[in-house]
There are 4 protein chains.
Amino acid sequence: MAGSSFGELFRITTFGESHGGAVGVVVDGCPPGLEISQAEVQSELDRRKPGQSDITTPRKEEDTIHILSGVFEGKTTGTPILMLAHNKDVRPQDYDALKDLYRPSHADFTYLAKYGRRDWRGSGRASARETLARVAAGAVAKKYLRLHAGVEIVSFVEQVGHIVATCDPERVIPKDVESTIVRCPDAAAAEKMEALIREVQSEGDSIGGVIRCVVHGCPRGLGAPVFDKLHADLGKAMLSINAVKGFEVGLGFGAVHLRGSQHNDPFVVDEGGEVSIRTNNAGGILGGIASGAMISCRVAFKPVATIAKEQDTVTTSGTPTKLAASGRHDPCVLPRAVPIVDAMAALVIMDHLLRHKAQNG
Amino acid sequence: MAGSSFGELFRITTFGESHGGAVGVVVDGCPPGLEISQAEVQSELDRRKPGQSDITTPRKEEDTIHILSGVFEGKTTGTPILMLAHNKDVRPQDYDALKDLYRPSHADFTYLAKYGRRDWRGSGRASARETLARVAAGAVAKKYLRLHAGVEIVSFVEQVGHIVATCDPERVIPKDVESTIVRCPDAAAAEKMEALIREVQSEGDSIGGVIRCVVHGCPRGLGAPVFDKLHADLGKAMLSINAVKGFEVGLGFGAVHLRGSQHNDPFVVDEGGEVSIRTNNAGGILGGIASGAMISCRVAFKPVATIAKEQDTVTTSGTPTKLAASGRHDPCVLPRAVPIVDAMAALVIMDHLLRHKAQNG
Amino acid sequence: MAGSSFGELFRITTFGESHGGAVGVVVDGCPPGLEISQAEVQSELDRRKPGQSDITTPRKEEDTIHILSGVFEGKTTGTPILMLAHNKDVRPQDYDALKDLYRPSHADFTYLAKYGRRDWRGSGRASARETLARVAAGAVAKKYLRLHAGVEIVSFVEQVGHIVATCDPERVIPKDVESTIVRCPDAAAAEKMEALIREVQSEGDSIGGVIRCVVHGCPRGLGAPVFDKLHADLGKAMLSINAVKGFEVGLGFGAVHLRGSQHNDPFVVDEGGEVSIRTNNAGGILGGIASGAMISCRVAFKPVATIAKEQDTVTTSGTPTKLAASGRHDPCVLPRAVPIVDAMAALVIMDHLLRHKAQNG
Amino acid sequence: MAGSSFGELFRITTFGESHGGAVGVVVDGCPPGLEISQAEVQSELDRRKPGQSDITTPRKEEDTIHILSGVFEGKTTGTPILMLAHNKDVRPQDYDALKDLYRPSHADFTYLAKYGRRDWRGSGRASARETLARVAAGAVAKKYLRLHAGVEIVSFVEQVGHIVATCDPERVIPKDVESTIVRCPDAAAAEKMEALIREVQSEGDSIGGVIRCVVHGCPRGLGAPVFDKLHADLGKAMLSINAVKGFEVGLGFGAVHLRGSQHNDPFVVDEGGEVSIRTNNAGGILGGIASGAMISCRVAFKPVATIAKEQDTVTTSGTPTKLAASGRHDPCVLPRAVPIVDAMAALVIMDHLLRHKAQNG
């Protein structure tokens, strides 16, 4: 209700500030008997952690995850799983200069307006550091979905600035995504993206982009009618990630130019005699419910707000001032955001899997 | 949980199928003492109702709303408000031909997959007729927001097919929206849109478009950190509307091409000595929380799935067949969808207003 | 959130005031394919309706239930079921005298304190008339539980005033309950109870009592650890019924006098070689989770607040006055409350059945 | 949904097993700006901790609480508060003997039935050790209620076995409760209770009792109509505490013997000219909503299931066996349960305070 929980049946609650004691998550509702190790969760977190390449922030957090409850003898018990990472590389003094001003396009101003006070070390609760908790919870969901429902989720960077990858989303595999530091499976585009990010970095600036998320094997029937349509929940999940400004499923905004006769996906009988869908403009979801076809959606990230370039701003006491960030920040969040998008997709699908089982299982 | 409720504190639950007994909504959590009349709710519904112009479906539903509880002596009591409209122009025989086949890009196939059975009269629960319940609930929220929080919501058609309106979202007023039957405040564009819709209609086809939604006067501080960011909830709200495939806030997908130094909105001190934001690329929301600036978002609608043109499809027993719809349908849903977008925005803002009051009021 | 919904997965939302347009319920989350007719729901309602015998209020409401959505071709569709009864025997003038005073031990005073206004016709939303909505929803749950989980719920009047029935709860069957107008299966006690109720009625007074509720066949494993223990949810369900002041499970308050060695239920191997429980002091629930043994709980009802005897009270403007109710009221609610207790038990078990299936199914 | 969360707006989620890594709680929705220190929370926990006197279990847990998020510069930030205690005095070998059998009246059997596996060290998630998390969260709520709403909660032991305290609940103050190790303000009764507990302890047995909970200063209007009546939520809260078997508000089960004319509480005008209630048989709540009078309820605890006396039971493979517990357990949980009852009352009142503010504030 206060915004730190997500999901109904596979329900996560995250906590923690960027420079507080710890960041983590409670996962309630996980089916019992799922084998899960610290190492498995850690491997997902390592894809998100800072300092993994020279185009990411040099903040040195190991983000070592501890599983403190809900797992016994290597398997989930069905009761709440607590996972947390202690904050280590905390340098609040880096933020002394920011204590009394509003960083442009950050949440300083609105948090103060909302709560009357704020944790000014880093971005406090508004920090993207919170997303490590999502990735940890998502790792559990991904494992369950893979083992028990045959679901595979593959997200990748499709665009950085004006550079667009050329690849067939249906054929992208995790190995291809991990083969470049920008997490774009199109090697040629990846090279250009990397160059662009370095250029932006050297200018003390930042750049946005698009991540595509593909879900293979989503069981037919997941999703709910009316408000909790599968793509509505995916949309909310993605839009809740820091820096995300847009979401589309299937052709998305591209569908507005088309006629119904162009956009509709005809039903056909496939070689195996099964009813299938000839095209997949809908992105795998019809009326809010998974059709069994590949789910495909796209997530737009704005450029990171923290930049070294000097900007106009105002102090909390209302005096105009200048700001040139000296902290340790990413010129482009896309490479590190890929596992977050994966995680959010996994959390939505997992929740709807349990919901579907409850009513129709 | 089963998908027919929306909101946490201003919570609505809708019910009804397109050709069942009634369609309606229970609103729970409305503050007491709000003056609300049947006529006020009806006037919002009349903007959504079928047959309002010759570019909408000729289905003849008066959609007369009845308020059966929760209002006493003209004011809300604080207890659940039930509003419903009986279904009148029910012609299930129109759907006999559709009973045993899957309409392309409709929910027939996925509902059957989910529930093992379906109400084949019209689209049953998947029908856009359900949205009248949202508009009724939204009318109550809009009234409250206008009177008690100074919030005004203005949605309008910004694009149909390739035709894009030219207008400053900040200056559009409701009267301008209602001045054309397509609900586009740019009269010249409206004329072209209308022509395009008629052309598409004559071809037995359909066309998509974009609605922009603007919220004036949203109190600073509404929204929640992390998962229930204000734009994440707006996104879910909009994506849950039939035929919606994309959502963006502020510059949205347009932000991905920009540098941080271009996209960031500097804080300034305005003439009145107040802290304000020079540009509004963020669309009125920072870190998920309203900044006090105008909220602006865009909603992409695909072309309606029901078209008169012949299409390939398959029967429920798996035989390929052809379908040319003969029912009564809209060539373009955008004009009638404007009040639905209004309503969903009102429901989100209203819910967050109460949530904010609870914790920070 | 505003108090008119119950259940998480089998979720009901009730609406309506005693003298408004209608009273009813939306049931969301019901599994599809359940055969349910208006007549089946009506037969449960008839057990609750006023005027069924001369020891109940003579208010003449037929309480005819209408099913307006969610059921198609005689079966549930999986989407929201709307059931409502129009208010017919509405005589608001009966309440003119009550408009400006606080009836002792009624909710007039607190509703006014909460909402700043109230519907003074009857008890408005606080009227026990709301419980017809619970009984309607409970009828659907009971049917599902009987057919799909082998669960039978039997509630009966065990005590009225000082008269206590002697009967083995395990052996009471529905026919025995319905064999007397007080719904007590012990015929001798029933006769005394009836006499007591008539005596109280003739004195213009009212009397309380206890209903026992027994659940046979509750599947082992239903319930949740920690906060949503099965008996905690049953307790809340029962305590939410008008006039209920106490709840106990198993030996309840009787357990406080015992030693652990007396109260503990030893595990044994039964004749069929199955693990079973020798005694059932726990009332069928261990650690909040159903053990498979019969669930047994007791619900205490205070005497009805509305009495013909003259009482001291105060007007809304703060002047002392006298009140002698002239309306149409029950001297003892127990006989009509039996189906309500049945319904609340069914709603709790049904909800936990779906919750259990979601996580462990 | 999976049972480890409580409250809607002041929402807590607990985690942890008795012999896992840690036990704790996330509190989401706390208003910002509340001064709260580790020491304040600790002082409530110390009332619950094992080993505090020789009539409690000698398990040596310091239960040192760590606040790892949500508090900055000594005040709540409005974002999630994580509090946890590491498990120190863990001796899983104590439980080796229990690994393969079902302890009578414990949750071993039902957890295994539910989840297919269980954490057999201590009682895992079913351990009363979980309640330390409730007490920590309750400490925050109590502090807020005292400072910002003038609410004081006083719980005390009213009965142990057959020994009943004689004291006026309205006049009991915290100091009196803490003046005896059984937490009974009637010193004479306390002495007898203590003697009884020692006797029971020496016999290797256990004993039950009753805790009364009183809430002073609950603002008029808190609570909700219909399902979330204030006493229904209090009832659920108390019934969710380990070993609780019964709950009553006001006269509770005692009300069933009375006539309406005896039980009704007349309204009067008090000396200050305010409307007030002459008696308080209702226990401070009318129609589910606080009347402003003192709230009073009673909670029945069964005797602890773990006893040293030999009992019959069965192994998990279905062989009859004997069990005589050798662990470290309480002969009577009542003294340590007082702060838990306090905490649950505080959580319910706090949640309804925020809910009331949201709708009617």
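Residues numbered from 1 in each chain as written. Chains lettered and ligands numbered in written order. Predicted model: local features only at pLDDT ≥ 70, side-chain atom pairs only at ≥ 80, totals over all residues. Heavy atoms only, no water.

Colleague: So, the overall build of chain A: which residues are in play, and what are the values?
Modeller: Each helix and strand in chain A was counted, giving eight helices and 18 strands. Over its C-alpha atoms, taken along the principal directions, chain A stretches across nearly 70 × 50 × 35 Å. Here the analysis covers contacts within chain A between residues at least 6 apart in sequence; of these, 70% occur between residues at least 24 apart. As displayed, chain A offers around 10,700 Å² of accessible surface, 50% of which is attributable to carbon and sulfur atoms. (Helix = DSSP H or I, 4+ residues; strand = E, 2+ residues; numbered from the N terminus. Contact = heavy atoms within 4.5 Å. Areas by Shrake-Rupley, 256 points an atom, 1.4 Å probe, with all protein chains shown as cover.)

Colleague: Residue-level account of the packing of aromatic side chains, with values.
Modeller: Remark: the centre distance and the inter-plane angle together describe each pair of aromatic rings, the angle taken between the planes. Overall, the coordinates contain 26 aromatic pairs over all chains when judged by the stated rule. Taken together, a centroid distance of 5.8 Å and an interplanar angle of 75 degrees make the contact between Phe72(B) and Trp120(C) edge-to-face. Pair noted here: Phe72(B) is in strand β5 (residues 71-72) and Trp120(C) is in the loop between α2 (108-115) and α3 (131-149), and the two residues belong to different chains. Residue classification places Trp120(C) among the buried residues on the basis of a relative accessible area of 12%. Site record: aromatic cluster; members linked through ring pairs are Tyr102(A), Phe109(A) and Phe267(B). (Phe/Tyr/Trp six-rings, centres within 6.5 Å; stacked < 30°, edge-to-face > 60°. Buried < 20%, exposed > 50% of the residue type's maximum accessible area, 1.4 Å probe, protein only.)

Colleague: Give me the interface of chain C and chain D: which residues, what numbers.
Modeller: Opposite the 107 residues of chain C that make contact, chain D presents 106 residues. Taken together, the two surfaces of chain C and chain D that pack against each other cover about 8,400 Å², and 62% of this comes from carbon and sulfur. Linking Asp233(C) and Lys236(D) is a salt bridge whose minimum nitrogen-to-oxygen distance equals 2.6 Å. For the side of chain C that touches chain D, a count of residues per class yields 49 nonpolar, 34 polar and 24 charged. Pairing geometry for strand β11 (residues 244-249) of chain C and strand β11 (residues 244-249) of chain D, over three bridges, is antiparallel. Counted as the bridge partner of Phe247(C) is Phe247(D) from β11(D). (Buried area = accessible area lost by both parts, 1.4 Å probe. Salt bridge = Lys/Arg side-chain N within 4 Å of Asp/Glu carboxyl O. Nonpolar A, V, L, I, M, F, W, Y, C, P; charged D, E, K, R; others polar. Pairing = 2+ DSSP bridges.)

Colleague: Summarise the sheet that holds strand β1 (residues 5-6) of chain D; cite the residues concerned and give the values.
Modeller: All names here are of chain D. A sheet is described by the order of its strands in space; here five strands give the open sequence β1-β2-β3-β7-β4, paired in antiparallel fashion. Because the sheet does not close on itself, it has two edges, and the strands there are β1 and β4 (66-69). Sheet analysis places β4 next to strand β7 (residues 81-86), joined by three bridges and oriented antiparallel. Residue pairing in the sheet places Ile-67 in a bridge with Met-83 of β7.

Colleague: Help me get a handle on the interface of chain B and chain D, residues and values and all.
Modeller: Size of an interface, as often reported, equals the accessible area lost when the parts are brought together. Taken together, the 15 residues of chain B in the interface contact 15 residues of chain D. Considering only the side of chain B, the residues that lose the most area to chain D are Lys357(B), Ala358(B) and Gln359(B), jointly responsible for 49% of the buried surface there. Across the contact surface, chain B and chain D share zero salt bridges. Inspection of the region where chain B meets chain D yields eight residue pairs in polar contact (both at pLDDT 80 or more). A class-by-class count of the residues in the side of chain B that touches chain D yields eight nonpolar, six polar and one charged. (Polar contact = N/O pair within 3.5 Å; in protein donor to acceptor, adjacent residues only side chain to side chain.)

Colleague: Tell me about helix α1 (residues 38-48) of chain B, and please be specific about residues and values.
Modeller: For α1(B), every residue scored as buried is listed here: Val41(B), Gln42(B), Glu44(B), Leu45(B), Arg47(B) and Arg48(B). In this structure, the buried side of α1(B) is in contact with β4 (66-69), β7 (81-86), α3 (131-149), α4 (174-178) and α8 (334-360) of chain B.

Colleague: Tell me about the relation of the copies chain B and chain D, and please be specific about residues and values.
Modeller: Once chain B has been moved 0.0 Å along the axis and rotated by 180 degrees, it coincides with chain D to within an RMSD of 0.0 Å. Seen this way, the second copy is the image of the first under a two-fold rotation axis. Identified as the residue of chain B closest to the rotation axis by C-alpha distance is Ala358(B), at 2.1 Å. The fraction of interface residues of chain B whose copies in chain D are also interface residues reaches 100%, indicating that both copies meet through the same surface. (Least-squares fit on C-alpha atoms with pLDDT ≥ 70 in both.)

Colleague: Before we move on, could you go through the environment of His352(C) and cite the residues and values that matter?
Modeller: With respect to the secondary-structure elements, His352(C) resides in helix α8 (residues 334-360). With 129 residues separating them in the primary sequence, His352(C) and Gly223(C) have C-alpha atoms 5.8 Å apart.

Colleague: Describe the pairing of strand β17 (residues 311-314) of chain C, and please don't skip the residues or the numbers.
Modeller: All names here are of chain C. With four bridges connecting them, β17 and strand β18 (residues 320-323) associate as antiparallel partners. Its bridge partner lying in β18, Gln-311 is registered against Leu-323. Between the antiparallel neighbours β17 and β18 lie five residues, among them Gly-318 with a positive phi of about 90 degrees.

Colleague: So what about the confidence of the model for chain A? Which residues, and what values?
Modeller: Averaged over all residues, the pLDDT of chain A is 94; the fraction at 70 or higher stands at 98%. On the interface metric, ipTM, the complex scores 0.97, and its pTM is 0.97. (pLDDT = per-residue confidence, 0-100.)

Colleague: Can you break down the sheet that holds β7(B) residue by residue, with the values?
Modeller: Residue and element names in this part refer to chain B. Ordered in space as β1-β2-β3-β7-β4, the five strands form an open sheet in which the pairing is antiparallel. Because the sheet does not close on itself, it has two edges, and the strands there are β1 (5-6) and β4. Judged from the six bridges that link them, strand β3 (residues 22-28) and β7 form a sheet pairing that is antiparallel. The partner of Val-27 across the bridge, within β7, is Ile-81.

Colleague: Run through the environment of His257(D), naming residues and quoting values.
Modeller: Relative to the assigned elements, His257(D) resides in the loop between β11 and α7 (260-263). Those residues in contact with His257(D), other than ones at most four positions away along the chain, are Gln159(C), Gly161(C), His162(C), Ile207(C) and Gln262(D). A polar side-chain atom of His257(D) sits 3.4 Å from a polar atom in the side chain of Gln159(C).

Colleague: Can you lay out unusual backbone geometry for me, pointing to particular residues and giving the numbers?
Modeller: Look at Ala243(A): it is not a glycine, yet its phi comes out positive at around 80 degrees. The residue Ala243(A) is located in the loop between α6 (230-239) and β11 (244-249) in this model. Of the residues examined, Ala243(A) reaches a relative accessible area of 21% and is grouped as partly exposed. The phi dihedral of Arg183(D) is positive, around 60 degrees, even though this residue is not glycine. Among the secondary structure elements, Arg183(D) is positioned in the loop between α4 (174-178) and α5 (187-202).

Colleague: Describe the relation of the copies chain C and chain D, listing the residues and the values that go with them.
Modeller: Mapping between the two copies of the chain is achieved by a rotation about an axis and a shift along the axis. Taken as rigid bodies, chain C and chain D are interconverted by a rotation of 180 degrees and an axial shift of 0.0 Å, the fit giving an RMSD of 0.0 Å. When the interface residues of chain C are mapped onto chain D, 99% of them again fall at the interface, so both copies present the same face.

Colleague: Residues and numbers for the packing of α1(B) against α3(B), please.
Modeller: Residue and element names in this part refer to chain B. It is at 9 Å that the axes of α1 and α3 come closest, and there the two elements cross at 135 degrees. Our classification of the angle between α1 and α3 gives oblique. Crossing of α1 against α3: the hand is right-handed. Here Glu-40, Val-41, Glu-44, Leu-45, Arg-47 and Arg-48 of α1 lie close against α3, whose contacting residues are Thr-131, Leu-132, Val-135, Ala-136, Ala-139, Lys-142 and Lys-143. Residues of the contact of α1 with α3, tallied by class, amount to six nonpolar, one polar and six charged. (Axes fitted to C-alpha atoms, helices over the stretch in contact; angles between N-to-C directions. Parallel < 35°, antiparallel > 145°, perpendicular 65-115°, else oblique. Left-handed = near helix turned anticlockwise from the far one by under 90°.)

Colleague: Which residues make up the pattern of salt bridges, and what values go with them?
Modeller: All names here are of chain B. Using the criterion set out here, one finds 126 salt bridges over all chains in the structure. Across the pair Arg-118 and Asp-108 runs a salt bridge whose closest N-O atoms are separated by 3.4 Å. Residue Arg-118 is located in the loop between α2 (108-115) and α3, and its partner Asp-108 is located in helix α2; the two are separated by 10 residues in the primary sequence. Across the pair, exposure class does not vary: Arg-118 and Asp-108 are buried alike. A salt bridge links Asp-312 to Lys-322; the shortest N-O distance between them is 2.5 Å. Separated by 10 residues along the polypeptide, Asp-312 in strand β17 (residues 311-314) and Lys-322 in strand β18 (residues 320-323) bring together distant segments of the chain. For Asp-312, a relative accessible area of 24% corresponds to the partly exposed category.

Colleague: How would you summarise the pairing of strand β2 (residues 11-15) of chain A if you had to cite specific residues and measurements?
Modeller: Residues and elements named next belong to chain A. In terms of residue burial, β2 counts as a mostly covered element, since five of its five residues are buried. In terms of strand pairing, strand β1 (residues 5-6) meets β2 through two bridges, oriented antiparallel. When the bridges of β2 are listed, Phe-6 appears paired with Ile-12. Following β1, the chain reverses through four residues before pairing antiparallel with β2; Gly-7 in that reversal takes a positive phi of roughly 90 degrees. Sheet analysis places β2 next to strand β3 (residues 22-28), joined by five bridges and oriented antiparallel. Bridging from a neighbouring strand, Thr-13 pairs with Val-26 of β3. Linkage of β2 to β3, two consecutive antiparallel strands, is achieved through a turn of six residues, within which Gly-16 is found at a positive phi near 110 degrees.

Colleague: Help me get a handle on the side chain of Arg355(B), residues and values and all.
Modeller: Positionally, Arg355(B) belongs in helix α8. Those residues in contact with Arg355(B) that lie beyond four places of it in its chain are Met1(A), Ala2(A), Gly3(A), Glu8(B), Leu9(B), Ala224(B), Asp228(B) and Asp233(B).

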